[in-house]
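Below, each chain spelled out in residue letters.
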Amino acid sequence: MMHLLKYLIDTILPPRCLVCGKIVLSPHSLCEECFQKVDFITTPYCKICGMPFENQSQAVANFVCPDCLSHKHITRLNRSAVLYNDCVQNMVLAFKFADKTLFSKLFAKWMLPAFSDIQKQGIDVIIPVPLSYKRLIKRRYNQATLLAKEFSKLTHIETDLYNLIKVRHTKPQAQMHGHARLKNIKNAYQIKYPERIKGKRILLIDDVMTTGATLTECAKTLIKAGAKSVDTLTLARVKKN
Ligand SMILES: [Zn+2]
Ligand SMILES: [Zn+2]
């Protein structure tokens, strides 16, 4: 019944910009003005961690950043679709906390071009970064799970949504800096069914990559449980200063 009602409303009413509400041509999209404020990540960026270079001259040593040159990460490749600027931050906050779940359709579409390098390496299964049970109850949905579902629809890669779990409630990462972030989430994740990920190439999906601490900790858990490789794909990325 609800589906029918939604269908009727959607066909009668014109689609609106997800940010400002202005009438637009296609559903789950932005108007021209809002779209202009989105900063898509384009080359040059580090071909391993995906960090955008400030300018061409910074793109040294075969497009690998100093950080990736100096040490090997547990993840294979990291990619993000857009920069976490003010406009994207507002969208992500609405998506996360204000039930604006339709954003997942738009965001998944944006993430598709950022996925191309990873796709070439091969992916067997998509796994979202989980929330703790406590936070999930409060928020009622996991934004990363919504993204993973939409991304699976676009790529036809299967998902394993409830295998990686967060077993320990932690303070929000946004309240901490640098090393404290790593410590905060150490051993916070577990795999329920390791046999399902053994030998698999995993695509880990989340909304925002800040320092990468959460993604790294999830990747460690997955690799420890037998995953062959872990690549990460996020909607947005906070640029290091
Ligand atoms: Zn708009
Ligand atoms: Zn790098």
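Refer to the structure printed above.
Residues numbered from 1 in each chain as written. Chains lettered and ligands numbered in written order. Predicted model: local features only at pLDDT ≥ 70, side-chain atom pairs only at ≥ 80, totals over all residues. Heavy atoms only, no water.

(A) Representation of the packing of aromatic side chains in the model. Overall, the coordinates contain eight aromatic pairs when judged by the stated rule. The interplanar angle of 45° and the centroid separation of 5.6 Å between the aromatic rings of Phe-35 and Phe-40 together place this pair among those described as tilted. The exposure class assigned to Phe-35 is partly exposed, which follows from its relative accessible area of 35%. Exposure remark for Phe-40: the relative accessible area of 30% places this residue in the partly exposed category. (Phe/Tyr/Trp six-rings, centres within 6.5 Å; stacked < 30°, edge-to-face > 60°. Buried < 20%, exposed > 50% of the residue type's maximum accessible area, 1.4 Å probe, protein only.)

(B) Region of the structure containing a nonpolar patch on the surface. A contiguous nonpolar patch, built from Leu-4, Tyr-7, Leu-8, Ile-12 and Leu-13 and spanning about 550 Å² of accessible area, is present on the exposed surface. Among the structural elements, Tyr-7 can be located in helix H1 (residues 2-12). Owing to a relative accessible area of 54%, Tyr-7 belongs among the exposed residues under this scheme. (Patch = residues over 30% accessible without salt bridge, like charges linked within 9 Å, V, L, I, M, F, W, Y side chains within 5 Å. Areas by Shrake-Rupley, 256 points an atom, 1.4 Å probe, with all protein chains shown as cover. Salt bridge = Lys/Arg side-chain N within 4 Å of Asp/Glu carboxyl O. Helix = DSSP H or I, 4+ residues; strand = E, 2+ residues; numbered from the N terminus.)

(C) A look at the coordination of the zinc ion (ligand 1). Listed as protein donors to the zinc ion (ligand 1) are Cys-17 (SG), Cys-20 (SG), Cys-31 (SG) and Cys-34 (SG); their distances from the metal cover 2.3 to 2.4 Å. For the zinc ion (ligand 1), the four donor atoms are set out with angles of 101 to 117° between them, so the coordination reads as tetrahedral. Of note, the zinc ion (ligand 1) draws all its donor residues from one chain, in the sequence arrangement C-x2-C-x10-C-x2-C. The class of Cys-20 is partly exposed, set by a relative accessible area of 44%. (Donors = N, O, S within 2.8 Å, 3.2 Å for Na, K, Ca; no water. Tetrahedral: all angles 85-135°; square planar, octahedral: opposite > 155°, others 65-115°.)

(D) View of the packing of helix H9 (residues 178-185) against helix H10 (residues 213-224). As a packed pair, H9 and H10 sit with axes 9 Å apart at the nearest point and diverge in direction by 35°. Handedness of the crossing formed by H9 with H10: right-handed. Contacts between H9 and H10 pair Arg-181, Leu-182 and Ile-185 from the former with Ala-213, Thr-214 and Glu-217 from the latter. For the contact of H9 with H10, the residue count by class is three nonpolar, one polar and two charged. (Axes fitted to C-alpha atoms, helices over the stretch in contact; angles between N-to-C directions. Left-handed = near helix turned anticlockwise from the far one by under 90°. Contact = heavy atoms within 4.5 Å. Nonpolar A, V, L, I, M, F, W, Y, C, P; charged D, E, K, R; others polar.)

All quantities given are derived from atomic positions and should not be read as evidence of function.
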